[in-house]
Amino acid sequence: PARIRTLPHEHALAVRQDVGPADFAAFFGAAFARLYALAERLGAPVVGPPSGVHPTEYLDGPAPITAAVPVQGPVSVPAGSGAQVIELPGVSVATLTHRGPYDEIGGAYALLGAWAARHADIAPGPVRERYLVGPGEADPPDYLTEICWPVADRAVRVGAERITEAPIQEEP
């Protein structure tokens, strides 16, 4: 089911690039390999799963995508590394976890977007994907990706009452 939760504030090593959907897997694979190697070289402990930061809407063509690996505290990144340190703010999000290959995630986005529009106050800001289980850890049918859609606060609308969780249901 979808739920509302708060993502913590994080410092992250990151790579940003304009990427088309057909190139997401190659971009994230190369970016995460580079970011994990950089974290190790810097002695910066990784403190959570890697994530992708995406615009909430895609138009035709490439869009600005960020691959991020959260690390403990701010670190200094050497010039020429192709990476930067960013801060991912703490934010309330509606979340849904997709199990399966990345190329099948569209249906989960549609469900979460519809659920959030009905039950929460959508907030501006990018969508985050947190890759809980991915390549090198499982086969594609067992990947786990948490989709995090920004909402205004931790409350959820259900009629006139506000609660902290509401079940996600497909439309008939």
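What you see is a predicted model; the values in this text were computed from it and never measured.

Caption draft 1: Region of the structure containing the nonpolar core. Membership of the largest hydrophobic core comes to 18 residues, with the highest contact counts inside it found for Phe27, Phe28, Phe32, Leu35 and Ala67. Counting only elements with at least two residues in this core, the list comes to strand E2 (10-19), helix H1 (24-42) and strand E4 (63-71). Here this core takes eight residues from H1, the largest share from any one element. If sequence neighbours within four positions are ignored, Ala67 has contacts with Leu13, Ala14, Val15, Phe27, Phe28, Ala31, Phe32, Leu35 and Ser51.

Caption draft 2: The arrangement of the layout of surface pockets in detail. As a volume, the largest pocket reaches approximately 660 Å³. Broken down by secondary-structure element, the contributors of at least two residues to the lining of the largest pocket are H1 and strand E7 (127-133). At seven residues, the largest contribution of residues to the lining of the largest pocket is made by H1. Looking at the lining of the largest pocket residue by residue, the classes come out as 20 nonpolar, four polar and two charged. There is about 190 Å³ of room inside the second largest pocket. Contributing to the lining of the second largest pocket are 16 residues, with Val53, Leu88, Pro89, Pro126 and Arg128 lying nearest its centre. Every element with two or more residues in the lining of the second largest pocket is listed here: strand E5 (84-88), strand E6 (91-99) and strand E8 (144-150). It is E5 that contributes the most residues to the lining of the second largest pocket, three residues altogether.

Rules of the game
Residues numbered from 1 in each chain as written. Predicted model: local features only at pLDDT ≥ 70, side-chain atom pairs only at ≥ 80, totals over all residues. Heavy atoms only, no water. Core = buried A, V, L, I, M, F, W, Y, C linked by side-chain atoms within 4.5 Å. Buried < 20%, exposed > 50% of the residue type's maximum accessible area, 1.4 Å probe, protein only. Helix = DSSP H or I, 4+ residues; strand = E, 2+ residues; numbered from the N terminus. Contact = heavy atoms within 4.5 Å. 1 Å grid on protein atoms, 1.4 Å probe; cavity = no way out; pocket = protein on both sides within 12 Å on 5 of 7 lines; lining within 4 Å. Points joined across faces, edges and corners; volume = space filled by probe spheres on them. Nonpolar A, V, L, I, M, F, W, Y, C, P; charged D, E, K, R; others polar.

Shape is all these values report; function is a separate question.
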